[in-house]
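Residue strings, one per chain:
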Amino acid sequence: VQLVQSGGGLAQAGGSLRLSCVASARTFTLTNYNMGWFRETPGKGRELVAAIKWNGDTTVLLDAVKGRFTISRDSDKNTVYLQMNSLQPEDTAVYYCAAKRWTEDYDSPTLFDNWGQGTQVTVSS
């Protein structure tokens, strides 16, 4: 499965960005996969920012982004989104989307085995 990311870039503090992640394989359907967004910085390593369960009904967010970020999906487009509002400089990171089979715990950062290429998000103060 190939996950292709778009979006990201530079934003000012308080601004918004939206990341998109499209799964390109014809055999891939979001209802068979838990999807997640991670971010990585040199200081913190890689952390799970948001995840959405295979059924689309349940999501989880990192405490630091609750109330600001939203994860959603469009099954018809095989696309997962991360809407990021009220951005802060500490949100600066490389963001990755990832997928793992629906049989795994959707809110655990482990066992994600398909990854997007990563996209830089930089928030200036």
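Our structure's up above, just so we're on the same page.
Summarised in this report is the structure supplied together with it. (Residues numbered from 1 in each chain as written. Predicted model: local features only at pLDDT ≥ 70, side-chain atom pairs only at ≥ 80, totals over all residues. Heavy atoms only, no water.)

**Regarding the overall build of the protein**
Turning to step 1, where the next piece is worked out: Secondary structure summary: the protein contains zero helices and 11 strands in total.
Turning to step 2, where the next piece is worked out: Secondary structure elements of the protein occur, N-terminal to C-terminal, as β-β-β-β-β-β-β-β-β-β-β.
Turning to step 3, where the next piece is worked out: Here the C-alpha atoms of the protein give a radius of gyration of 13 Å, agreeing with the 14 Å that 2.2 N^0.38 yields for 125 residues.
Turning to step 4, where the next piece is worked out: Dimensions along the principal axes, computed over C-alpha positions, put the protein at roughly 40 × 25 × 25 Å.
Turning to step 5, where the next piece is worked out: For the protein, buried positions account for 41% of its 125 residues.
Turning to step 6, where the next piece is worked out: Carbon and sulfur atoms make up 46% of the accessible area of the protein, which totals about 6300 Å². (Helix = DSSP H or I, 4+ residues; strand = E, 2+ residues; numbered from the N terminus. Rg over C-alpha atoms; globule rule 2.2 N^0.38 Å. Buried < 20%, exposed > 50% of the residue type's maximum accessible area, 1.4 Å probe, protein only. Areas by Shrake-Rupley, 256 points an atom, 1.4 Å probe, with all protein chains shown as cover.)

**Examining the nonpolar core**
Turning to step 1, where the next piece is worked out: Within the largest apolar cluster, 27 residues are counted, with the highest numbers of intra-cluster contacts made by Met-35, Trp-37, Phe-69, Leu-82, Met-84 and Tyr-95.
Turning to step 2, where the next piece is worked out: The contact partners of Phe-69, leaving out residues within four places of it in the chain, are Arg-39, Val-49, Leu-61, Leu-82, Gln-83, Met-84, Asn-85, Leu-87, Asp-91 and Tyr-95.
Turning to step 3, where the next piece is worked out: Residues Leu-48, Tyr-96, Ala-98 and Phe-112 belong to the second largest nonpolar core, which totals seven residues. (Core = buried A, V, L, I, M, F, W, Y, C linked by side-chain atoms within 4.5 Å. Contact = heavy atoms within 4.5 Å.)

**With respect to the pattern of salt bridges**
Pairs may arise between side chains of opposite charge once their charged atoms sit close together.
Turning to step 1, where the next piece is worked out: On inspection of all chains with the given rule, the structure shows five salt bridges.
Turning to step 2, where the next piece is worked out: With a shortest N-O distance of 2.9 Å, Arg-39 and Asp-91 are connected by a salt bridge. Residue Arg-39 is found in strand 4 (residues 33-41), and its partner Asp-91 is found in the loop between strand 8 (79-84) and strand 9 (93-101); the two are separated by 52 residues along the sequence.
Turning to step 3, where the next piece is worked out: Take Asp-91: its relative accessible area is 1%, and that puts it in the buried class.
Turning to step 4, where the next piece is worked out: Linking Arg-68 and Asp-91 is a salt bridge whose minimum nitrogen-to-oxygen distance equals 2.7 Å. In this pair, Arg-68 sits in the loop between strand 6 (59-61) and strand 7 (69-74) while Asp-91 sits in the loop between strand 8 and strand 9, placing the two residues 23 residues apart along the sequence. Here Arg-68 and Asp-91 have matching classes, each one buried.
Turning to step 5, where the next piece is worked out: Taken together, the salt bridges that share partners define one network made up of Arg-39, Glu-47, Arg-68 and Asp-91. (Salt bridge = Lys/Arg side-chain N within 4 Å of Asp/Glu carboxyl O.)

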